[in-house]
Amino acid sequence: MSSPSTLVVKADHTPYYTPANNAGAAVQPRDAATPTLFRPLTIRDVTLKNRVVVSPMCMYSAEPDPSSPFIGALTDYHIAHLGHFALKGAGLVFVEASAVQPNGRISPNDAGLWDTAPDSEQFKALQRVVRFSHAQGAKVALQLGHAGRKASVAAPWLATKAGKPSLKVDEDAFGWPSNIVGPSGGKEHIWDGTGEGHWTPRALSTEEVEEVVKAFAASAEVAIRAGVDVLEIHAAHGYLLHQFLSPVTNKRTDKYGGSFENRTRLVREVAAAIRAVIPSGTPLFLRVSATEWLDGQAVAAESGSWDLESTIRLVADLPELGIDLVDVSSAGNHKDQKIVLNKNYQVDLAGHVRKAIREAGAPTLVGSVGYITDAEQAKEIVEGADEARAAEATLSGSFPRADLVFLARQFLREPEWVMNAAKTLGVPVEKPVQFGRAI
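Residues numbered from 1 in each chain as written. Predicted model: local features only at pLDDT ≥ 70, side-chain atom pairs only at ≥ 80, totals over all residues. Heavy atoms only, no water.

Caption draft 1: Representation of the pairing of strand β10 (residues 325-329) in the model. Burial within β10 is extensive, with 5 of its 5 residues counted as buried. Neither face of β10 is exposed, since Leu325, Asp327 and Ser329 on one face and Val326 and Val328 on the opposite face are all buried. Note: strand β9 (residues 284-289) against β10, 5 bridges, orientation parallel. Each bridged residue has a counterpart across the sheet, and for Phe285 the counterpart in β10 is Leu325. Taken together, the 4 bridges between β10 and strand β11 (residues 365-369) define a ladder with parallel strand orientation. Of the residues in β11, the one forming a bridge with Leu325 is Leu365. As for the winding sense of the linkage, the β-α-β connection from β10 through helix α10 (residues 345-359) to β11 is right-handed. (Buried < 20%, exposed > 50% of the residue type's maximum accessible area, 1.4 Å probe, protein only. Helix = DSSP H or I, 4+ residues; strand = E, 2+ residues; numbered from the N terminus. Pairing = 2+ DSSP bridges. Right-handed = clockwise from strand over helix to strand, strands pointing away.)

Written out as structure tokens, the structure is:
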């Protein structure tokens, strides 16, 4: 008779005992009836067990005190928060946006990864999240970013409590009002236009922009050392890299401003710098706002804005930059944005981008995010986005609009979304061994 110890497989990712899990993987992933949503996807050397991604979500729950060694480090909260998404079947779990410089945090309570010391608390905390998530069969991604002119504000719930859309914080609350930066400076570049909820930015010098590039690369190196599988550059939602892309917010006259080539230079340099320091097998994603929703607005009348045409033009350069997937979001760079809301408003943008990529014969993958809530919707978005089912999709006239679906708020409402989606779609998937009595 076998002893109990020979019947349970220990996960080899953690220094402590935990059973190995691979929840959310289709039991028969190659079965003809298995929808693309539950088929694996290999990107470089990383294979995701399904096409469901936990999108990065800022939790504003890290240590804010600059005198603490734990500043910016993930905590036990993040183990619980991110770990239960991994336990319950997501193929790829994103750690929230992590600042590459201290003044790149949105709030003092944001996560960061600027401390490159071999044994820093930021490194150790990230490694702990990665190890547990790997033990549950999930891959881990990290979004690297810099808030730019939208920095040094309070956690959203504090602003809500104060009855304001945003609440800027000063040094007494661990803020940094004198070091808010952007491509351009001055009162005309305050995010909210009034200065009531955001600080006045100053323009980065050319040398400081070059330091930002180095900071992204340094943070990427730390992430890889911690075991992260996938990296994403955050160039959306009005944060620093998006601010450089847009003619609305970038009024520079140096090599980082003016022409399309100059305004996209920072994103291209960041991508190249990261790709140079990470393993060739590590996937690199780029999140963009496909449009700022400023068409027809006065602020864009003279210079134009960052729109779908701009995004498609940028995406054409991604393969040579070593970027494997464009994560398509929208908006966030100007208070006058007029978003045309419907359930598929960003899904449709992703579809336009993917169509342009495929027509150009490029290999870049596409991720879709925003208002993706139910299984049938997610299934339809990616159906046929794999070789096994592409011909079938073409014949049916149903073309995939993305290769991966990114869910954020829906995972907060429904952490077991993957399991529920599998049940809805009739896909047998693996479950956590500890949950066996509940099945």
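Caption draft 2: How the structure looks around the packing of helix α1 (residues 76-87) against helix α2 (residues 121-135). At a minimum axis separation of 9 Å, α1 and α2 run at an interaxial angle of 25°. In terms of axis orientation, α1 runs roughly parallel to α2. As α1 runs across α2, the sense of the crossing is right-handed. Contact residues: Asp76, His78, Ile79, Leu82, Gly83 and Ala86 in α1; Arg128, Val129, Phe132 and Ser133 in α2. Of the residues assigned to the contact of α1 with α2, the class counts are 5 nonpolar, 3 polar and 2 charged. (Axes fitted to C-alpha atoms, helices over the stretch in contact; angles between N-to-C directions. Parallel < 35°, antiparallel > 145°, perpendicular 65-115°, else oblique. Left-handed = near helix turned anticlockwise from the far one by under 90°. Contact = heavy atoms within 4.5 Å. Nonpolar A, V, L, I, M, F, W, Y, C, P; charged D, E, K, R; others polar.)

Caption draft 3: Structural view of the packing of aromatic side chains. Evaluated as defined, the whole model comprises 9 aromatic pairs. Ring centres 6.2 Å apart and planes at 85° place the aromatic pair Tyr60 and Trp157 in the edge-to-face group. One end of the pair, Tyr60, is in the loop between β3 (52-54) and α1; the other, Trp157, is in helix α3 (residues 156-161), with 97 residues separating them in the sequence. Among the aromatic residues, those joined into a cluster by ring pairs are Phe85, Phe411 and Trp417. The cationic tip of Lys150 hangs over the ring face of Trp191; the distance from NZ or CZ to the ring centre is 4.1 Å. (Phe/Tyr/Trp six-rings, centres within 6.5 Å; stacked < 30°, edge-to-face > 60°. Lys NZ or Arg CZ within 6 Å of the ring centre and 35° of its normal.)

Caption draft 4: How the structure looks around the environment of Ser246. Mapping Ser246 onto the fold places it in the loop between α5 (240-245) and α6 (260-263). For Ser246, a relative accessible area of 0% puts it in the buried group. Excluding residues within four positions of it along the chain, Ser246 makes contact with Arg263, Glu292, Trp306 and Asn333.

Caption draft 5: Up close: a nonpolar patch on the surface. The grouping of Ile339, Leu341 and Tyr371 at the surface amounts to a nonpolar patch, some 290 Å² of accessible area in total. Counting through the fold element by element, Leu341 comes out in the loop between β10 and α10. (Patch = residues over 30% accessible without salt bridge, like charges linked within 9 Å, V, L, I, M, F, W, Y side chains within 5 Å. Areas by Shrake-Rupley, 256 points an atom, 1.4 Å probe, with all protein chains shown as cover. Salt bridge = Lys/Arg side-chain N within 4 Å of Asp/Glu carboxyl O.)

Caption draft 6: Spatial organisation of the pattern of salt bridges. Overall, the coordinates contain 18 salt bridges when judged by the stated rule. Salt-bridge contacts for Glu232 lead to Arg287; the nearest nitrogen and oxygen are separated by 4.0 Å. Placement of Glu232 in strand β8 (residues 230-235) and of Arg287 in strand β9 is noted, with a sequence separation of 55 residues between them. According to the relative accessible area criterion, Glu232 is buried, its value standing at 0%. Here Arg287 falls in the buried class, since its relative accessible area comes to 5%. Ionic contacts of the salt-bridge type, sharing partners, join the residues Arg44, Arg275 and Asp324 into one network.

Caption draft 7: Region of interest: the environment of Ala151. In this fold, Ala151 is placed in the loop between β5 (139-145) and α3. The exposure class of Ala151 is buried, given its relative accessible area of 0%. It is 6.5 Å that separates the C-alpha atoms of Ala151 and Gly104, two residues lying 47 residues apart in sequence. Those residues in contact with Ala151, other than ones at most four positions away along the chain, are Asn103, Arg105, Ile106, Trp176, Ile180 and Trp199.

Caption draft 8: Fine view of the side chain of Ser166. Summarising the element assignment, Ser166 is placed in the loop between α3 and β6 (181-182). Ser166 sits in the buried class, given a relative accessible area of 13%. In this structure the side chain of Ser166 is engaged in a polar contact, spanning 3.2 Å, whose partner is the backbone oxygen of Gly197. (Polar contact = N/O pair within 3.5 Å; in protein donor to acceptor, adjacent residues only side chain to side chain.)

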